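Here is what each chain is made of, one letter per residue.
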Amino acid sequence: MATGCDVKNEGKASVTTVHLKDPVYNIKVDLKYRAYNDVDMIEAWTEILNGEKGTVTLTTFASAMLPIRRGDVWMSHLSGTWAAEGQLSHEKLQPGEFVIRNNDGTRNSHTDHAEVMFSLDGKGQENAGNVIGAALVYSGNYKLKTVTDDTEYHYFFAGINEQNSEYHLKKGETFKTPALALTYSTQGLSGASRNFHKWGRKYILAHGDKERDILLNSWEGVYFDINQKGMDQMMADIHSMDGELFVMDDGWFGTKYPRVTDNCALGDWVVDTKKLPNGIEGLLNDARKNQVKFGIWIEPEMTNTTSMLYEKHPDWVIKAPKRDAVLGRGGTQLVLDLSNPKVQDFVFGVVDNLLTKYPDIAYIKWDANMAIMNHGSQYLSAADQSHLYIAYHQGFAKVIDRIRAKYKDVVIQCCASGGGRANWGMLRGFDEFWVSDNTDAMQRIYMQYGTSYFFPAIAMASHISAVPNHTVFRTTSLKYRIDVAMSGRLGMEIQPKNMTDEEKALCRKAISEYKEIRPVVQFGDLYRLVSPYEGNHMALNYVSKDTNKAVLFAYDIHPRFQEKLLAVKLQGLDPNKQYKVEEINLMPAASSGLAANGKVYSGDYLMKVGLDVFGLGQTQSRVIELTAQ
Ligand code: GLA
């Protein structure tokens, strides 16, 4: 029963609490709602207080429930797998239950996602209609459930997945659920996305108001073949193409067990001096010489059975007592038990040691390449084994908070075998995430379109890579690869040594043009215009806050011969402003075939009549800048 309600101001938000109490037992439940004044978002969560004399077991503990009273409601959500993350689908809610559940333990967005949208007026449209957006802000296992019953209502429940997660709440303890972030838009699915993007940039991401550096990551270029000379060359190359940051990926560490492949050394975060005789200091010197910032890869929550860490602390891994552990990547990988405060100190220490010794490290790529495949904590008591999934993420949050309290400036990328951690609970304290290990431009169009439903371009690491693509073996033009990467947080993941001078010149030009449009892409409003899931093309545009600049990205995927192509109508412009249309990122000798190129049109015309941008052919694309006159 309800016992009261109060409202408190909290910065730019107000928190409303509805107090409930069980009429029989001394259990209190507070329903909390944080409503922001400056972004369209309400965060709802629940706090359960055990006022009984003994421990109480929680078996179900959703964060919030939302009734949706409408007939023809459609749900949009993402699913996928490794190298095919962020696939979009739309389903009509039917009588019965629909459950989206995650059980991975460490990563929670490879398969399904903890975010959904509900279109209230039939199948959702990108730029019209009433839409509710919901994102569970939780890094661990989740469960989202819609129930459609005979009452004309659809009910939406979201929270921690209670499977194998019974929670024993001690006397006097309070259990706080993660928040469910809820938004409402009258401007369709894209409108709900913009609400998530604004809230995420402002309240979740680290440095959501700072432009991201254009980087080169070493992974697809050299994989484990790290050495001083090679790193120096890559730094010189990215600098020569006007990039700003170099990130050394996996393969730089391990002394007793040098990390020459993926089967050893996680946990031994000490430089392999055979590969890098001058250590990290030597790399930082090279970075200074080459005038780029320097970043480094770590996977601090993990170890291998072939590591000094595991030899010293076999008790730190997640594993059932008596049973042999199931091993992950390289046939040797294991997850460290973050429910254990000593492990939390160790994981914090990995970052702390690096940044204390080398304060010039500007960027960290934080990876996590294994699920909890062995259920069992060597730290938690036998009675509390079911706390592991939750305690892992409580430990994880503590570590990230400690890192952020001490290191405010460092940029941290959240990666997990590609896009396994694209989740708002995960991203608290992180700057961005790796969308997928699959860098094939055509596949990325689908993944980035889907991922943009809930996450802003500033957070979506999107890299130009080599052809044939290392994952899908497809060959696409360098321009296409650049144009796709440019619609997110642009970077490169390639061996520049293997590029021709012409290719480097094209990338240099693209990077300088990206710098021009970077504020619009990274801080602007996104409007998705043409879905790749509904045809052979994709288009989206970003518009700056003052509506003076916009960028339109248009991609042909596999158009059909004699296909009747419609003009693309832009969105979000000021109808009364005049915009100059300029195609950018053209091949050096090419001139734009766009009829509108160089001409000036009103925002009204561009939004009502549009531009003929498609029809260039298989995997061809255009980037078009619009500038108010
Ligand atoms: C994961 C990441 C990759 C790369 C490798 C390194 O698979 O997703 O980007 O960092 O690990 O081992």
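Below is a summary of the structure that appears in this document. Computed from a predicted structure; not experimentally measured. (Residues numbered from 1 in each chain as written. Predicted model: local features only at pLDDT ≥ 70, side-chain atom pairs only at ≥ 80, totals over all residues. Heavy atoms only, no water.)

**Concerning unusual backbone geometry**
Part 1: With omega at -10°, the peptide bond leading from Val467 into Pro468 counts as cis.
Part 2: Mapping Pro468 onto the fold places it in the loop between β25 (460–465) and α9 (478–485).
Part 3: Positive phi, close to 75°, is recorded for Asp242, a residue that is not glycine.
Part 4: Of note, Asp242 is situated in the loop between α3 (228–240) and β18 (245–248).
Part 5: The class for Asp242 is partly exposed, based on a relative accessible area of 24%.
Part 6: A positive phi angle, near 80°, is found at Ala265, a position not held by glycine.
Part 7: Here Ala265 is to be found in the loop between β18 and α4 (279–289). (Helix = DSSP H or I, 4+ residues; strand = E, 2+ residues; numbered from the N terminus. Buried < 20%, exposed > 50% of the residue type's maximum accessible area, 1.4 Å probe, protein only.)

**Re the sheet that holds strand β13 (residues 153–160)**
Part 1: Taken together, the four strands give an open sheet; going across it, the order is β6-β13-β12-β9, and neighbouring strands pair in antiparallel fashion. In this open sheet, the two edge strands, each paired with only one partner strand, are β6 (62–69) and β9 (96–101). Strand-to-strand, the axes of this sheet are offset by a mean angle of 15°, without reference to chain direction.
Part 2: Here β6 runs beside β13; their pairing, made up of seven bridges, is antiparallel. Bridge pairing in β13 links Ala64 to Ala158. (Pairing = 2+ DSSP bridges. Axes fitted to C-alpha atoms, helices over the stretch in contact; angles between N-to-C directions.)

**Some words on helix α6 (residues 341–357)**
Part 1: Here α6 contains 17 residues, and its C-alpha end-to-end distance of 23 Å stays within 8% of the 24 Å for a straight helix at 1.5 Å per residue.
Part 2: Of all bends in α6, the biggest is about 30°, found at Gly349.
Part 3: You can read the cap of α6 off the contacts: a side-chain oxygen lies 2.9 Å from the backbone nitrogen of Lys342, and it is on Asn340. (Expected span 1.5 Å × (residues − 1). Bend = angle between axes of the 7 residues up to and from the residue. Polar contact = N/O pair within 3.5 Å; in protein donor to acceptor, adjacent residues only side chain to side chain.)

**As for the site of the ligand**
Part 1: For the ligand, the set of nearby residues contains 13 residues, the closest of which are Asp249, Asp250, Lys365, Gly418 and Asp437.
Part 2: Here Trp434 contributes a side-chain N or O atom positioned 3.4 Å from an oxygen atom of the ligand.
Part 3: In isolation the ligand has 310 Å² of accessible area, and contact with the protein removes 96% of it.
Part 4: Each residue belonging to the shell around the ligand can be placed in one class, and the counts come to four nonpolar, three polar and six charged. (Near = heavy atom within 4 Å. Areas by Shrake-Rupley, 256 points an atom, 1.4 Å probe, with all protein chains shown as cover. Nonpolar A, V, L, I, M, F, W, Y, C, P; charged D, E, K, R; others polar.)

**What about empty space enclosed by the protein?**
Unoccupied space between atoms shows up once a probe the size of one water molecule is rolled over them.
Part 1: Applying the stated criterion across every chain yields a total of three cavities of 30 Å³ or more.
Part 2: In this structure, the largest cavity is lined by Gln448, Tyr449, Ser452, Phe455, Ala457, Met460, Ser487, Gly488, Leu526, Met538, Leu540 and Tyr542.
Part 3: Of all elements in the fold, only α8 (441–451) and β28 (537–543) reach the threshold of two or more residues within the lining of the largest cavity.
Part 4: The element contributing the most residues to the lining of the largest cavity is β28, with three residues.
Part 5: Grouping the amino acids of the lining of the largest cavity by side-chain chemistry returns eight nonpolar, four polar and no charged. (1 Å grid on protein atoms, 1.4 Å probe; cavity = no way out; pocket = protein on both sides within 12 Å on 5 of 7 lines; lining within 4 Å. Points joined across faces, edges and corners; volume = space filled by probe spheres on them.)

**What to know about the packing of aromatic side chains**
Each aromatic ring pair is characterised by the separation of its centres together with the angle its planes make.
Part 1: Scanning the model with the defined rule gives 28 aromatic pairs in all.
Part 2: An aromatic cluster of three or more residues is present, and its members are Phe196, Trp199, Trp424, Phe433, Tyr446, Tyr449, Tyr453, Phe454, Phe455 and Tyr533.
Part 3: The aromatic ring of Phe157 is capped on one face by Lys145, whose charged end is 5.3 Å from the ring centroid.
Part 4: The ring of Tyr449 has Arg528 lying over it, and the distance from NZ or CZ to the ring centre is 5.8 Å. (Phe/Tyr/Trp six-rings, centres within 6.5 Å; stacked < 30°, edge-to-face > 60°. Lys NZ or Arg CZ within 6 Å of the ring centre and 35° of its normal.)

**Here's the deal with the packing of α6 against helix α7 (residues 388–406)**
Part 1: Where α6 meets α7, the axes come as close as 9 Å, and the angle between the chain directions of the two elements is 25°. Judged by the angle between their axes, α6 and α7 are roughly parallel. Considering the relative orientation of α6 and α7, their crossing is right-handed. Residues Gln344, Asp345, Val347, Phe348, Val351, Asp352 and Thr356 of α6 pack against Gly395, Lys398, Val399, Arg402, Ile403 and Lys406 of α7. (Parallel < 35°, antiparallel > 145°, perpendicular 65-115°, else oblique. Left-handed = near helix turned anticlockwise from the far one by under 90°. Contact = heavy atoms within 4.5 Å.)

**Some thoughts on the sheet that holds β18**
Part 1: Pairing in this closed barrel of eight strands is parallel, and the strands run β17-β18-β19-β22-β23-β24-β25-β26 around the ring. Averaged over all adjacent pairs, the angle separating strand axes in this sheet is 30°, with direction ignored.
Part 2: Relative to strand β23 (residues 411–414), strand β22 (residues 361–366) is paired through four bridges, and the arrangement is parallel. Looking across to β23, one finds that Tyr363 is bridged to Val411.
Part 3: Along the sheet, α8 makes contact with β24 (432–434) and β25, crossing β25 at roughly 170°.
Part 4: With respect to the sheet, α9 is in contact with β25 and β26 (489–493), its orientation differing from that of β25 by roughly 170°.

On their own, these measurements won't tell you what the molecule is for.
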